[in-house]
Amino acid sequence: MASIAAAGASLSNSCFSGPPGSAVEPRLQKATNVRLQSSLWGQNIVKCRRSSVSTAKCRRTTVAVIEKNSPDSSTSANGSVLSSEGTDEELASRIASGEFTVAAAKKKDKFANIRQALANGGPPGRFLSFALANYERRLKQESLKKLPEAKGDVRKIVGQPFFVPLFTLFRTYGGIFRLSFGPKSFVIVSDPTITKRILKDNAKSYSKGILAEILEFVMGTGLIPADGEIWRVRRRAIVPSLHKKFVTAMLSLFGDSTIRLCDKLDTAASNGDDVEMEGLFSRLTLDVIGKAVFNYDFDSLSNETGIVEAVYVTLREAEDRSVGIFPYWKIPILAAIDPRQRRVAKALKVVNDTLDSLIDKCKQIVEEEDDEFHEEYISERDPSILHFLLASGDEVTSKQLRDDLMTMLIAGHETSAAVLTWTFYLLSMNPSVTAKLQREVDAVLGDRAPTIDDMKKLQYTTNIINESMRLYPQPPVLIRRTMEDDMLGPYLVKEGEDLFISVWNLHRSPLLWENADAFQPERWDTYSAAEASQAFRYIPFGGGPRKCVGDVFATYEVVTALAMLARRFNFELAAGAPPVSMTTGATIHTTNGLHMTVTHRTRAPVIPVTDVPSLTTVDENGVIKSYSASDGSISVLGPSSSGCPASAVPQNFSASSTLEQS
Ligand code: HEM
C-alpha cells in the first residue's frame, strides 16, 4: 500500500512532465516547459478545456484532404487524419457548450462570492472567510481524487474510428479521464508516466479484460489474451523461439516473399493497371507469418480460396467483435441460425483443422529426427517457430499450441500489413522522403535482398518505419482491466475498471513531440526509438512484460519489403481513386483501400515539353561547356574528369534520374 501511495505522490507532480530528459523529446523540453508545468489534472482542466476548442478547430484535417493537399506540405505531409471534418468541429462545440462535464471544474469557485462578502465584514468575517477557504481547499483535494469525467453519446463515437474523438477529449480532459456511456465507462489514458505504471511498473495488477473475452473464440488462451500463470508459462516457452539466428534466417523468407509481390506489381506496372496495396500487403504478411510460424505456404498472393478465405473470414470476425458495441456472438441461438455466424464457425473449423494437422505432421518429423536441441536451435528443413517449440520438448497440449500459433498468425499479420499500408500512404504524400529513401536503398542494396548486415545500414528506411508507426500505431489503443485497486496519478482506480491506453494520443501529443502531426523520419536521426520507448511516449510494440515478442522480426520484415519495393518501383496515389480514410479494426484500416499507380523505376525519365533542354558538351580538349537553348548563352564549367571528349548530355538528366536508368 505504501509503495502505491508513494508512486501516486510522485506521479501527481509529473503528468506529462517527468524528469528532464525522460519523457519529453529533448529539444522539446524548453519549448513545452510552461505547458508541462501546468499539470492537466485538477484545476487546470478548465484552462485546457478552453484551449482545446480552438485547438480542435485548428486541427480540422482529414485524410480526405489528400486530393486537395500538395505533396510535402505540412498539413498533408503528416497524413494528418485526426478526424473527419464535421465530426471534430461538432465535438469541439459540444465540449464548449459544457455537455461533457468535469465535476472538479464545476466545484471550483462555488464559495468565491461568499468568501468575498465575509472578508469585508471585519475581523470575525475575515476569520470565517479564512475557515471557508480551508474548507474549500479540502473539498478541492477531495475532488482531485475523482477522475475527470467525460460523458458522451455513444452514437457520436460509432461511425468514425473511435480513437479520433479520444484525441479531442484528451486535449480537453488531460492524460487520464473517465469516458462514460450510460452505465458503461472506460478510463482513457494518454499519459506516458501512467502508461508506464500500467504496462510495466504495476503490470501484475492488470489483465487483458474485454480483449480476452472478445478474442477467446479464435485465440483461446493464446499469448495475447492469456493472463496469469498460463501467460507466464507460454511466454517463457515462446520468446526463445524468436532468437537471433531464427530472425536472421527469416530475412531470406522476407526477401523471397517480397519478390513474389514484386512479380505481381511488375505485371500491373507493365499493363498500366492500378493496384490496391492494402490487400496486397495483407497477403504478403500472411504468406510470411504462415511460413515463419508453422512452415505453411498460404501462397495467398496467387490463391484466394480454401484456407486463405477461411483465415480472412476468421480475422474479419475477430476485428468486427473488437469494435462491435453489442456482443451479438454471446447469443447462443444466433450461432445456430445466423448465416454469418455459421460461416465464421465453418471457417474457424477449416483453420483449426489445418493447424491441427500441421502440428501432428511436425510432431512426427521432430520424433524422427535426432537433432540436438540448444538455445539457438533451428532446423534447416523447417526453421518455423512450431518446429522449435516441439523440438524444445515444450510440454503443452495440442489445443494450447494451436491457440499460440493462431495468436501469432493474427498478431503478426494485420499489424505488419497495416504498417506497410500507412507507410506507403505517407510516402505518397512526401516525395522528398521517398527520393531520400530510394537513394539509400540504391546505395546499400542495389538489386539484392537485404542481409542482416544491411539492416544497420538501412538507417533512413528504418527511420521511415519508426515514424510511420508513430503516426499510425497498430493497434491504436491497448486494452487493460484492473485486477485490484491502483493509484494512477492522484486517482484511485478501482478493481474491475476497463482501461484504454491511447497509443495514438501518446504518439501525437503536441506536449511530447515537436510538430507532432508531421511526418519527419529525420527526428529519429538524433532520438532513438529505444530511448523514446523507455520513456513510454513511443510504444508501437507495447512495453513492459507484455511487449510484442515479434518486434525485431516485424521491423526487419517491413524494412525488407519497403526497401525492395522502393528500389524497384515508384508509387503514387491512383488518380480518381477514393480518398484514403481510416476505419478501425484491431489495427487501422483504410476505408476504401489504398489504390496506387505503380511504375518501374527503370522507365525513361519524362522530359517536360515546356522545358527547353540545355546541352552540356565535352570538347576535344576535355573542357565542359554548357549551352543554354533558351537564351543561347554558353558557359564553361571546367575540365572533364573522365577526359571523354565531345559527349553531349541534356542538363535535365539530374543525378537522380541517371540513377533511375542504371
Ligand atoms: C509491425 C508489426 C507488429 C506490431 C506493430 C505489433 C504490436 C504489438 C503490440 C502493441 C503488442 C502489445 C499488446 C498489448 O500490450 O496489449 C504486441 C503483442 C504481441 N505481439 Fe506483436 N506486433 C507486430 C508484429 C508481431 C509479430 C510478427 C508477431 C509474431 C511473430 C507478434 C506477436 C505478438 C505476441 C505473441 C504478442 C503478445 C505478447 C504478450 O502478451 O506476452 N507481433 N504486438
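Residues numbered from 1 in each chain as written. Predicted model: local features only at pLDDT ≥ 70, side-chain atom pairs only at ≥ 80, totals over all residues. Heavy atoms only, no water.

As annotated in an unreviewed UniProt entry, the chain carries the name Cytochrome P450 and is attributed to Marchantia polymorpha subsp. ruderalis. Checking UniProt for the chain, the heading Cofactor (unreviewed entry) contains the comment "heme". (UniProt positions renumbered as here; feature names shortened; annotations may be inferred.)

1. Brief notes about the overall build of the chain
In terms of helices and strands, the chain carries 29 helices and 17 strands. Counting across all 662 residues of the chain, residues that qualify as buried make up 54%. Counting only contacts in the chain whose residues sit at least 6 apart along the sequence, the fraction spanning at least 24 positions is 73%. Only carbon and sulfur atoms are counted for the fraction: they give 56% of the accessible area of the chain, which is about 29900 Å². (Helix = DSSP H or I, 4+ residues; strand = E, 2+ residues; numbered from the N terminus. Buried < 20%, exposed > 50% of the residue type's maximum accessible area, 1.4 Å probe, protein only. Contact = heavy atoms within 4.5 Å. Areas by Shrake-Rupley, 256 points an atom, 1.4 Å probe, with all protein chains shown as cover.)

2. A closer look at the packing of helix α22 (residues 431–444) against helix α28 (residues 551–568)
Put simply, α22 and α28 touch, their axes get as near as 9 Å, and they point 95° apart. Between α22 and α28, the angle is such that the two are roughly perpendicular. Residues Leu437, Gln438, Val441 and Asp442 of α22 lie in contact with α28, whose contacting residues are Leu562, Ala563, Ala566 and Arg567. Here the contact of α22 with α28 is built from residues that sort into five nonpolar, one polar and two charged. (Axes fitted to C-alpha atoms, helices over the stretch in contact; angles between N-to-C directions. Parallel < 35°, antiparallel > 145°, perpendicular 65-115°, else oblique. Nonpolar A, V, L, I, M, F, W, Y, C, P; charged D, E, K, R; others polar.)

3. A closer look at the pairing of strand β13 (residues 595–600)
Where strand β5 (residues 274–276) meets β13, three bridges bridge the pair, whose relative direction is antiparallel. By the bridge assignment for β13, valine 275 is matched with methionine 596. Sheet topology places strand β10 (residues 569–573) next to β13; five bridges connect them, and they run antiparallel. Bridged to asparagine 570 within β13 is threonine 599. (Pairing = 2+ DSSP bridges.)

4. Structural notes on the sheet that holds β13
An order of β5-β13-β10 is seen for the three strands of this open sheet, with the pairing classed as antiparallel. Of all strands in the sheet, those with a lone pairing partner are β5 and β10, marking the two edges. Direction aside, neighbouring strands of the sheet carry axes that sit 40° apart on average. Against the sheet, helix α14 (residues 244–271) makes contact with β5, β10 and β13, and its axis sits at roughly 85° relative to β13, the strand it touches most. Sheet contacts for helix α15 (residues 277–294): β5, β10 and β13; angle to β5, the most-contacted strand, approximately 55°.

5. Topic: the environment of alanine 347
Tracing the backbone through its elements, the reader meets alanine 347 in helix α18 (residues 339–368). By relative accessible area, alanine 347 is classed as buried at 6%. Here the alpha-carbon distance between alanine 347 and leucine 301, two residues 46 residues apart in the chain, equals 19 Å. Look past the residues within four positions of alanine 347 in its chain and what remains in contact with it is Ala310, Val313 and Thr314.

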